[in-house]
Amino acid sequence: MAISLLVAGIGLFVFTIYHTVQWLLRCRRRHLMAKQNGCLPPKKLSQMDPFLGTDVVLQNLGAAKNFGFLNLLRNRHAANGLTFTTNTYFRTTINTCDPTLIQNVLSFQFQDFGMGPLRRKSASPLLGRGIFTTDDDIWAHQRALIRPSFVRAQVTDFSIFGHHVDQLIGLIGRRNNEVDLQQLFFRMVLDSNSEYMFGESVGLMSENASESATTFHHALDYAQQGTILRLRLGNLMFAHRDKKFRDSCDIVHAYADKFVAQALEFRRNQSSLPAERKAMDEGVRQKYVFLNELAKDTDDPILLRDQIVNMLLAARDTTAGLLAFVFFMLARRPDVWNKLRADVLEHYCEPLTYEALMDMKYLRFVVHETLRLFPPIATNSRMANKDTVLPVGGGPDGKSPLFVKKHNVVTYSTFVMHRRKEFFGEDADEFRPERWENLRPGWEFLPFNGGPRICPGQKFALTESSYTIARLLHAFSGIENLDPTDWREQLTLSLTLNNGVQCRLIPA
């Protein structure tokens, strides 16, 4: 017994000495790396609890609950500069709105940063191992699978959108033209995008939408709300015990699994066809189905499911959120509505074409200005996968090199960056589409991310949004605001309106 205790004691002593030496060597190596690169420590947010950062976490959760998280970020940057750090539960986060730093993280030093295990763990119940949670070779393979699905031929085929916008216009009329447009946009976009991805619309715009479609829609909403809460909890994620969240994820997966099974059956049928028949089928223009194309490259049902859930959620929220914010502003700016409608009518044709949309210059200005003030992904983050040095962010002015330790997180806010007056003028907080006549921003305008992870579906989202806006401004001559309040943020995986878009549309 005494010998066993002695051996255990010696083992513990050796273990402690070994890890202490390793820690000291790592500290020295980091110190030398920072010194050789001229790094200076960044500003730090003043915290009552400098170790666990409980006050910061509670501030974040309280602000989010009161629809003020983005304003809290703006206030922190106003007080602490472009780049500063926070410490929460022994994890250092570098907060920034500096486009140079963001460009290095997302592009020039792309290999030094990834999504990180915390993000994967928080999002995996819903998103699995999809494109938004993975890194390295897995991510590269998934992106290679997805990218061909957004070639120009598919993106500019308005037959994908037309029927669903017709349904939207009809539904607005049946509701006496008084509606919450945001709610309808989310339903319409889910319908059109599910048809593109699954080959079959969810059918939420129908008067007799199925119970399974409605359940799927609500489950998707609840599951992503739970996901963003887990992200905010960070290392306290273990405290998230919500059966409804898990059930919602299961509902979403079960709904997607149905279509995955159909796609795999399509794959099996295609593989059994003789070569002559395959060549004949390829020569005939057939309806494009995103999932069937993915299934040509993999027969892994979990991978297929994770991919389409990731893409469906991103496509729905980005496009529907953009449309909602456009009409929220148009309802409050009759001058912009009138100017935009004149632009649309000048170039409108039946059927509406991609070329006609591209000629609507003021429409493009309105979309860009909306994306500037209300970027779909208002905040985002990356985790350092190695010790590295960024060229800016250090020192009291944020212009010196910054040493970033492995596992440090860089959180960047496009919402704050897009409202910086040095980039967008003294009226940067105002909605003024005309500023885009001469504005040619670089990394200071980042509505769809940048670098290798730039959104592969951005052209699809912009085309669907522009098409829908043009159709609605052709169908309606005016819009009246029915909500006197200012916008309230709803931050889930993307930015939307908590108070919706309550308005009355006047038929043309």
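Parameters at a glance
Residues numbered from 1 in each chain as written. Predicted model: local features only at pLDDT ≥ 70, side-chain atom pairs only at ≥ 80, totals over all residues. Heavy atoms only, no water. Helix = DSSP H or I, 4+ residues; strand = E, 2+ residues; numbered from the N terminus. Buried < 20%, exposed > 50% of the residue type's maximum accessible area, 1.4 Å probe, protein only. Phe/Tyr/Trp six-rings, centres within 6.5 Å; stacked < 30°, edge-to-face > 60°. Lys NZ or Arg CZ within 6 Å of the ring centre and 35° of its normal. Pairing = 2+ DSSP bridges. Axes fitted to C-alpha atoms, helices over the stretch in contact; angles between N-to-C directions. Contact = heavy atoms within 4.5 Å. Core = buried A, V, L, I, M, F, W, Y, C linked by side-chain atoms within 4.5 Å. Expected span 1.5 Å × (residues − 1). Arc of directions from axis to C-beta.

> Please provide a residue-by-residue account of unusual backbone geometry, values included.
In this model, E350 is joined to P351 through a cis peptide bond whose omega is -10°. Locating P351 in the fold gives a position in the loop between α15 (334-347) and α16 (354-359). For Y89, which is not a glycine, the phi torsion comes out positive at approximately 50°. The topology assignment puts Y89 in the loop between β2 (83-88) and β3 (91-96). A positive phi angle, near 80°, is found at H407, a position not held by glycine. By the secondary structure assignment, H407 is in the loop between β8 (400-404) and β9 (409-413). Under the relative-accessibility criterion, H407 is labelled partly exposed at 45%.

> Describe the packing of aromatic side chains, and please don't skip the residues or the numbers.
By the definition in use, this model includes 18 aromatic pairs. Geometrically, the ring pair formed by F185 and F327 is tilted, given 5.6 Å between the ring centres and 45° between the ring planes. You can see F185 sitting in helix α9 (residues 181-198) and its partner F327 sitting in helix α14 (residues 301-332), a full 142 residues away along the chain. Taken as a pair, F185 and F327 share a single burial class, namely buried. Among the aromatic residues, those joined into a ring-pair cluster are F158, F161, Y196, F290, F460 and Y467. The cationic tip of R332 hangs over the ring face of F328; the distance from NZ or CZ to the ring centre is 3.5 Å.

> Describe the sheet that holds strand β13 (residues 502-507), naming the residues involved and giving the relevant values.
Strand-to-strand pairing in sheets goes through backbone hydrogen bonds, with the strands running parallel or antiparallel. Taken together, three strands build an open sheet; the order of strands is β5-β13-β10 and the sheet is antiparallel. This sheet does not close on itself; its edge strands, each paired only once, are β5 (178-180) and β10 (476-481). In this sheet, neighbouring strand axes are inclined to one another by 35° on average, regardless of whether the strands run parallel or antiparallel. Two elements, β10 and β13, share five bridges in a ladder whose sense is antiparallel. Paired with N481 across the bridge in β13 is C503. Sheet strands in contact with α9 are β5 and β13, and its direction is about 65° off that of β5. Contacts from α15 reach β10 and β13, with the element oriented near 160° to β10.

> Explain the nonpolar core to me, and be specific about the residues and the numbers.
Formed by 135 residues in total, the largest nonpolar core has its most connected members in F290 and F327. Counting residues per element, this core draws most heavily on α14, which supplies 19 residues. Setting aside chain neighbours within four positions, we find F327 in contact with L181, F185, W337, I469, L472, L473, I479 and V501.

> Give a detailed account of the environment of L236, specifying residues and quantitative values.
Positionally, L236 belongs in the loop between α10 (211-233) and α11 (243-272). Distance from L236 to I160, taken between C-alpha atoms, is 43 Å for residues 76 residues apart in sequence.

> Hey, could you go over helix α3 (residues 69-80) for me, with residue numbers and the actual values?
The α-helix winds at 3.6 residues per turn, so residues separated by three or four positions along the chain end up facing the same way. With twelve residues, α3 should cover 16 Å at 1.5 Å per step; its first-to-last C-alpha distance of 16 Å lies within 8% of that length. Buried within α3 we find F69, L70, L72, L73, R76, H77 and N80. In an axial view of α3, the angular spread of the buried residues amounts to 155°, which keeps them on one side of the axis. Every exposed residue of α3 that faces more than 90 degrees away from the buried side is listed here: N75, A78 and A79.

> Residues and numbers for the side chain of H240, please.
With respect to the helices and strands, H240 occurs in the loop between α10 and α11. In contact with H240, not counting residues within four places along its chain, are G226, L229, R230, L233 and F245.

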